[in-house]
Amino acid sequence: MGNSPTALDLFAGAGGWSIACARLGIDAIGIELDSHACQTRRASGLTTVPGDVSLVSPRDFRGVDGLIASPPCQSFSNAGHKQASATRVDNSSTSR
């Protein structure tokens, strides 16, 4: 990374935020767990750290100017068992 501002992109996915950062002159470091998303990021030339964001220490990224965090919506992701139809906006379950 050069003299440009830097941002740490947590839950980076395929790189939407990182691409936007690049267009704004910000160097982004993306952390992503999904191997397919990491492959896509690398194919796009994006700086990628494969791994679980819960295991990353902020000390590993001292000097970063900004933080982007876009965790997956639990109701729609594999982590939330895709139970969107049974979840209200306030995340409480509804009965059918």
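Here the residue index of a chain counts from 1 through its sequence in written order. Residue-level local features of this predicted model are given only where pLDDT is at least 70; pairs of side-chain atoms are given and counted only at 80 or more, and the full residue set underlies all totals for whole chains, interfaces and linings. With hydrogens and water excluded, all non-hydrogen atoms of the structure serve as input to the side-chain values.

Enquirer: Report on the overall build of the protein chain, specifying residues and quantitative values.
Expert: Looking only at helices and strands, one finds 2 helices and 4 strands in the protein chain. For the purposes of this entry, the term helix denotes a DSSP run of H or I that reaches at least four residues, the term strand denotes a run of E that reaches at least two, and both are numbered from the N terminus. The order of α-helices and β-strands along the protein chain, N terminus first, is β-α-β-α-β-β. Per-residue burial over the protein chain gives 27% buried out of 96 residues. Between two residues, a contact is recorded if the distance between any of their heavy atoms is within 4.5 Å. Considering only contacts in the protein chain between residues 6 or more positions apart, those separated by 24 or more positions represent 40%. Note on areas: Shrake-Rupley, 1.4 Å probe, and residue coverage restricted to the protein chains presented here. Accessible area for the protein chain stands at about 6,600 Å²; split by element, carbon and sulfur atoms hold 54% of it. For each residue, the accessible area found with a 1.4 Å probe, counting protein chains only, is set against the maximum for its type, and the residue is called buried under 20%, exposed over 50%, and partly exposed in between.

Enquirer: I'd like a rundown of the nonpolar core, residues and numbers included.
Expert: Definition of nonpolar core: a set of buried residues of the types Ala, Val, Leu, Ile, Met, Phe, Trp, Tyr and Cys, connected through side-chain atoms within 4.5 Å. Listed in full, the 6 residues of the largest apolar core are Leu8, Leu10, Ile29, Ile31, Val53 and Phe61. Those elements that provide at least two residues to this core are strand E1 (6-10) and strand E2 (27-32). With sequence-adjacent residues up to four places away left out, phenylalanine 61 is seen in contact with Leu8, Ile29, Ile31 and Val56.

Enquirer: Which residues make up the environment of phenylalanine 61, and what values do they have?
Expert: Mapped onto the elements, phenylalanine 61 comes out in the loop between strand E3 (47-50) and strand E4 (66-69). The sequence separation of phenylalanine 61 and alanine 7 amounts to 54 residues, and the corresponding C-alpha distance is 9.5 Å.

Enquirer: Tell me about the pairing of E2, and please be specific about residues and values.
Expert: Among the 6 residues of E2, 5 are classified as buried, and the element is accordingly described as predominantly covered. When E1 meets E2, the two strands line up parallel, connected through 5 bridges. The partner of alanine 7 across the bridge, within E2, is alanine 28. Whether a crossover is right-handed depends on one test, that the path from the first strand over the helix to the second runs clockwise when the strands point away from the viewer. One crossover worth recording links E1 to the parallel E2 by way of helix H1 (residues 16-23), and it is right-handed. Here the rule is simple: two strands pair whenever DSSP picks up at least two bridges between them. Of the pairings in the sheet, the one linking E2 to E3 comprises 4 bridges and is parallel in character. In the strand pairing of E3, isoleucine 31 is matched with valine 49.

Enquirer: So what about the side chain of serine 18? Which residues, and what values?
Expert: Mapping serine 18 onto the fold places it in helix H1. With relative accessibility at 2%, the residue serine 18 sits in the buried group. Side-chain polar atoms of serine 18 contact the side chain of aspartate 9, separated by 2.9 Å. Each residue touching serine 18, except ones within four places of it in the same chain, is listed here: Asp9, Ala28, Arg41 and Leu46. Here a polar contact is recorded for every N or O atom pair within 3.5 Å, except that within protein the pair must consist of a potential hydrogen donor and a potential acceptor, and residues adjacent in sequence are included only if both atoms are side-chain atoms.

Enquirer: Would you mind going over the confidence of the model for the protein chain in detail, with residue names and values included?
Expert: Per residue, pLDDT measures the predictor's confidence, with a range of 0 to 100. Put simply, the protein chain has an average pLDDT of 83, and 74% of its residues get 70 or more. Per-residue pLDDT stays below 50 along residues 91-96; that stretch engages in 9 contacts with residues further than four places along the chain or on separate chains.

Enquirer: Explain helix H2 (residues 35-43) to me, using residue names and the numbers behind them.
Expert: Among the residues making up H2, those that are buried are Ala37, Cys38 and Arg41. Considered in projection along H2, the buried side chains sweep an arc of 100 degrees and stay on one side of the axis. Opposite the packed face of H2, turned more than 90 degrees from it, sit the exposed residues His36, Gln39 and Ala43. Just beyond H2, the residue with positive phi is glycine 45, at close to 80 degrees. An arc is given here, and it is the one of the directions from the helix axis to the C-beta atoms.

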